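Close look at the chain arrangement
Residues per chain, in single letters:
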Amino acid sequence: MRSLDSIPRLRLAHLPTPLERLDRLAHRIAGPAIWAKRDDATGLGLGGNKVRKLEFLLAEALAQGATTVVTVGGVQSNHARQTAAAAARLGLHCELVLPRVGMHGGELHERNGNVLLDQLFGARVHIVADAVAAGSAMGEIRARVAREGGTLAFVPAGGSTPTGSLGYVAAALEFADQARAAGFKPTAIVLAASTGGTLAGLVVGLRAAGLEVPVLGIMVYEPAAQVGPVIARLIDQTAERLGLDREGWEGRYELLDGYLGPGYGAPTPGMIAALRLVAESEGLLLDPVYTGKAMAGLLDLIERRRFGSGDSVVFWHTGGAPGLFAYADALAGGADS
Ligand SMILES: *Cc1c(COP(=O)(O)O)cnc(C)c1O
């Protein structure tokens, strides 16, 4: 493998993130050992998985002389929030184009949670109706930045490019060391998958680390039929970047439908139950859009005996808790009210 150290990278995240056992949760559900890889605790701007991707993406942007970074995402995009925080940290201007997709947070959706933090980080927030309006907003930004003599770096939704995925190749290497030091062989890694760069990078990095462990992606944005080919391409391109074997990825990951519910960002009973269970048993916060649904998936797999009591399953916590504050109406009261 080409050494990751030879690829430009900024240091933005608090690393390594902790790898913790969730014993009280495991006890409550009488299942396998459950470990949490705490990428909600990457630090910058309340953390999350995008900080790892931005270490590589923004290194590339700075090398190209960028003065302004622009990205897109839903109104409650965690990726947009982490990009805004990273831009502030690096002294870059930040423009966020946020189409109204997955609007399930009621009237809080456009003023609390991630979007509130975007504004605090000094980003220019453009909330637009749909993808078409996002395209024209992007065009206006491009023209304005050019007029003002700046240089624009565009970061695609979710930071899911081969460059962004390198953050998760590095994360897999970090995890492999931690698992070895903790003395356990993971049975599977479970995580939320939306634009797929996190999963793609992990799959490539685990193979590079010589760790044979399947990665199970719980689809939370679009079904596997849509995202599957995108992920396969990302894996191929990321492997190519690193000079790794581009064949033989079958069986190393699986994309699981069935936990998305009515759509991206739409609360499901399983998500709410999982979120409350983990909060109550571990003092650990999941989020309504990604990790809550991923945990609902993991709990369902355990219930259906996919894992036995001798297994060690890793829940890769990708962050997102700032989004809770936009979903107060859906989450308030909850199970016993
Ligand atoms: C973006 C995000 C994901 C999904 O990561 P992808 O690389 O887009 O698949 C998962 N969890 C949280 C909290 C996120 O913000």
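See the structure shown above.
Residues numbered from 1 in each chain as written. Predicted model: local features only at pLDDT ≥ 70, side-chain atom pairs only at ≥ 80, totals over all residues. Heavy atoms only, no water.

Before going further, it helps to examine the packing of aromatic side chains. Aromatic rings considered in pairs are described by the distance between their centres and by the relative angle of their planes. Inspection of the entire model under this criterion finds 5 aromatic pairs. Aromatic pair Tyr 221 and Tyr 264: ring centres 5.0 Å apart, planes at 85°, arrangement edge-to-face. Residue Tyr 221 is found in the loop between strand 8 (215-219) and helix 8 (224-241), and its partner Tyr 264 is found in the loop between strand 9 (253-256) and helix 9 (269-282); the two are separated by 43 residues along the sequence. Feature note: the residues Tyr 168, Phe 175 and Trp 316 constitute an aromatic cluster, connected by ring pairs. Note that Lys 50 overlies the ring of Tyr 290, its terminal NZ or CZ placed 5.7 Å from the centroid. The positively charged end of Arg 207 is found above the aromatic ring belonging to Trp 249, 4.4 Å away from the centroid. (Phe/Tyr/Trp six-rings, centres within 6.5 Å; stacked < 30°, edge-to-face > 60°. Helix = DSSP H or I, 4+ residues; strand = E, 2+ residues; numbered from the N terminus. Lys NZ or Arg CZ within 6 Å of the ring centre and 35° of its normal.)

With that settled, the discussion passes to the layout of surface pockets. The calculated volume of the largest pocket comes to roughly 360 Å³. Around the largest pocket, the lining comprises 18 residues; the ones closest to its centre are Val 72, Gly 73, Gly 74, Ala 157 and Tyr 221. At the level of elements, helix 3 (78-90) and helix 5 (131-147) are the ones that each hand at least two residues to the lining of the largest pocket. Of the residues assigned to the lining of the largest pocket, the class counts are 9 nonpolar, 8 polar and 1 charged. (1 Å grid on protein atoms, 1.4 Å probe; cavity = no way out; pocket = protein on both sides within 12 Å on 5 of 7 lines; lining within 4 Å. Points joined across faces, edges and corners; volume = space filled by probe spheres on them. Nonpolar A, V, L, I, M, F, W, Y, C, P; charged D, E, K, R; others polar.)

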